[in-house]
Amino acid sequence: MPATLKTILIALLAAVAGGAGIAYKPLGIAIVVGGALLAICSGVIRRPILGFWLMLFFFPLYPAFRAWAQLNLPLVLMGIKFWPDALLGLIWIGIVVQAVGHRRRLKLYGDDWPALVWVVTVAYGSVITFKNQHPFVLLFGWHYALPPVLGYFAIRQIRPSARDAAGIVRLLLVTYVCLTLLSLADFIVRPEYTAKLAQVARPEVAEWAMDVDDKITNTVEFWTRYARMQSLLFEENVFGSLSSFVSLYCLSWFTLSRRAVGRFFWLWVLSTGALLLSVSRGSTAGWIVGIVVLLLLWRRYSWRLTVALGSVTALAVGLFLFVADNPKVNFWVKMIESTGILNGKFGQDRAHQWKAGLEVFLQHPSGTGLGSVGYAASRSGAGSTLVADSNYVAYLGEMGIPGALGLTAMLIGLFWVLGRWQRATDDPGLKALGMTLIAYLSGECVHAASANVFEYYYTWPVFWLLVGVYVCRCEAGTTRLQPIPQPLPCRKEGEKG
């Protein structure tokens, strides 16, 4: 078909579709949504890395979008919560299509073994679940356990260029800044509408608070007075963990370059302040552990980190003293002091959750199946509501001793791979990213004792994505070029071959 005729037909179809959409609004909405989805599918299949850019862009928007949809749409499909899984599937379709088109084989690399160990561990847990649990339990177990490592394997197959890798890190920082500034405005003003969205996103928290404090008469009042900056992710612990990562990334740059202090200073102030406002004790403890790791491993510039940590401590103490009479602060202190009176009634008492999780493990040393404990269990509605409030306890209950061994091997492998490349690379950008990943993982290993951080929305998938980007670029930077073949010596006339 001639190009001119094709253009005319496409324009004619677009005009007809536009006219029909204007005449009948639902059809117009369907056409717009369908066209957007078609464009996304086409773009990701042609260039799979676009899927990761789209994922980083949509991660901060999804919680608010889902809460809004539950308030405003007559029917919210359960599958909407599986958008990262669907996007990952589309990325993998693009990878396979590109591999077939270029006659390139998909392959595993030597440094992929920690992720492979986790896939084998999940496969073991899946077999147990398939035999003992409802299918929904397995579906949600996969949803929380597999996408991060599948994203890692995908970026390893894509093997991004230096420009694409820098673009991923830059987009993560830009979306974080936008999310944090909007969340700060919401935290200061706290309009009634976002308080309603927060209640839709986490209804169990307000129920717990109303049981503690009889003065709270409705859920909107609770969220208006809520003293922790949960951000527009509507989860202060996830937001705190994300802020911890960005703060550690800035501090890693501080150790490498004096110029970076001016370049990343305000981002560091914003992320560290957001971490403190989230009042996420686990994320703060992990952040401190990460700083200690930076101090121990990179002593040459440790004075900068010491000054930074001292400044933040002084800022936090001064800020708390300044707002000590603030009603929000007093309310938060009261909530912390009264946590123990619930005895686990609403599943918020960590001691109760730990005890229950360990009892499950003692009764079933081989595990009760992937997704039967932790966030997956509470979200599926088909199994127990035991959250465990600790990844170590949760995986012991889900996958027993084999799961605990698999998790341990995966974490040790991650430290080994990151540490090996950290010593090998001389690129400042890669060195800063590697330092951040090691420090952040150290902190999250501590944080995982009191939270299910390895199942967190947003942070854990992004961590694995960046590990894949880091290893790919380190490998590309250390690949030796093939030696140039030397020309054969010219024969003199009369010489025999």
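Every value quoted in this text rests on a predicted model; they were computed, and no experiment measured them.

The rules behind each value
- Residues numbered from 1 in each chain as written.
- Predicted model: local features only at pLDDT ≥ 70, side-chain atom pairs only at ≥ 80, totals over all residues.
- Heavy atoms only, no water.
- Helix = DSSP H or I, 4+ residues; strand = E, 2+ residues; numbered from the N terminus.
- Contact = heavy atoms within 4.5 Å.
- Areas by Shrake-Rupley, 256 points an atom, 1.4 Å probe, with all protein chains shown as cover.
- Salt bridge = Lys/Arg side-chain N within 4 Å of Asp/Glu carboxyl O.
- Buried < 20%, exposed > 50% of the residue type's maximum accessible area, 1.4 Å probe, protein only.
- pLDDT = per-residue confidence, 0-100.
- Arc of directions from axis to C-beta.
- Phe/Tyr/Trp six-rings, centres within 6.5 Å; stacked < 30°, edge-to-face > 60°.
- Lys NZ or Arg CZ within 6 Å of the ring centre and 35° of its normal.

A. Representation of the overall build of the protein within the structure. The secondary structure content of the protein amounts to 22 helices and zero strands. Contacts spanning at least 24 positions in sequence make up 79% of the contacts within the protein whose residues lie at least 6 apart. Carbon and sulfur atoms form 68% of the exposed surface of the protein, whose accessible area is close to 25200 Å².

B. Structural context of the pattern of salt bridges. The final tally for this structure, using the stated rule, is 10 salt bridges. Between Arg 420 and Asp 111 there is a salt bridge, with its nearest N and O atoms 2.5 Å apart. On the criterion of sequence distance, the pair formed by Arg 420 in helix 20 (residues 391-424) and Asp 111 in the loop between helix 5 (83-101) and helix 6 (113-132) is long-range, its members being 309 residues apart. Arg 420 gets classed as partly exposed once you look at its relative accessible area, which sits at 30%. The residue Lys 196 makes a salt bridge to Glu 192 at a minimum N-O spacing of 3.7 Å. Of the two residues, Lys 196 and Glu 192 are both situated in helix 10 (residues 192-201); the distance of four residues between them amounts to about one turn of the helix.

C. Up close: the confidence of the model for the protein. In the predicted model, the protein carries a mean pLDDT of 79, and 74% of its residues have values of at least 70. Across the protein, the secondary-structure element scoring lowest on mean pLDDT is helix 1 (residues 3-23), at 53, and the one scoring highest is helix 8 (residues 147-158), at 94. A low-confidence stretch, residues 335-348 (pLDDT under 50), is modelled with 23 contacts involving residues beyond four sequence positions or located in other chains. Taken as a whole, residues 479-497 scores under 50 in pLDDT and shows one contact with residues more than four places along the chain or in a different chain.

D. A look at helix 3 (residues 49-58). Residues of helix 3 that are buried include every one of Ile 49, Gly 51, Phe 52, Met 55 and Leu 56, and no others. Looking straight down helix 3, one finds that the buried residues subtend no more than 150° of arc, so they occupy a single side.

E. Quick peek at unusual backbone geometry. Despite not being glycine, Ser 231 shows a phi value in the positive range, around 70°. As for its placement among the helices and strands, Ser 231 is situated in the loop between helix 12 (219-225) and helix 13 (236-256). In the Ramachandran plot, Val 279 falls in the positive-phi region, its phi being about 50° despite a non-glycine side chain.

F. Here's a closer look at the packing of aromatic side chains. By the definition in use, this model includes 26 aromatic pairs. Residues Trp 223 and Tyr 226 carry aromatic rings whose centres are separated by 5.0 Å and whose planes lie at 70° to one another, so their mutual orientation is edge-to-face. Here Trp 223 matches Tyr 226 in class, with each residue buried. In this structure an aromatic cluster arises from ring pairing among Tyr 152, Phe 153, Phe 245, Tyr 440, Phe 454, Trp 460, Phe 463 and Trp 464. Over the ring of Tyr 109 we find Arg 159; its NZ or CZ atom is 4.5 Å from the centre of that ring. Geometry around Trp 421 places Arg 420 over its ring, the cationic atom sitting 4.8 Å from the centre.

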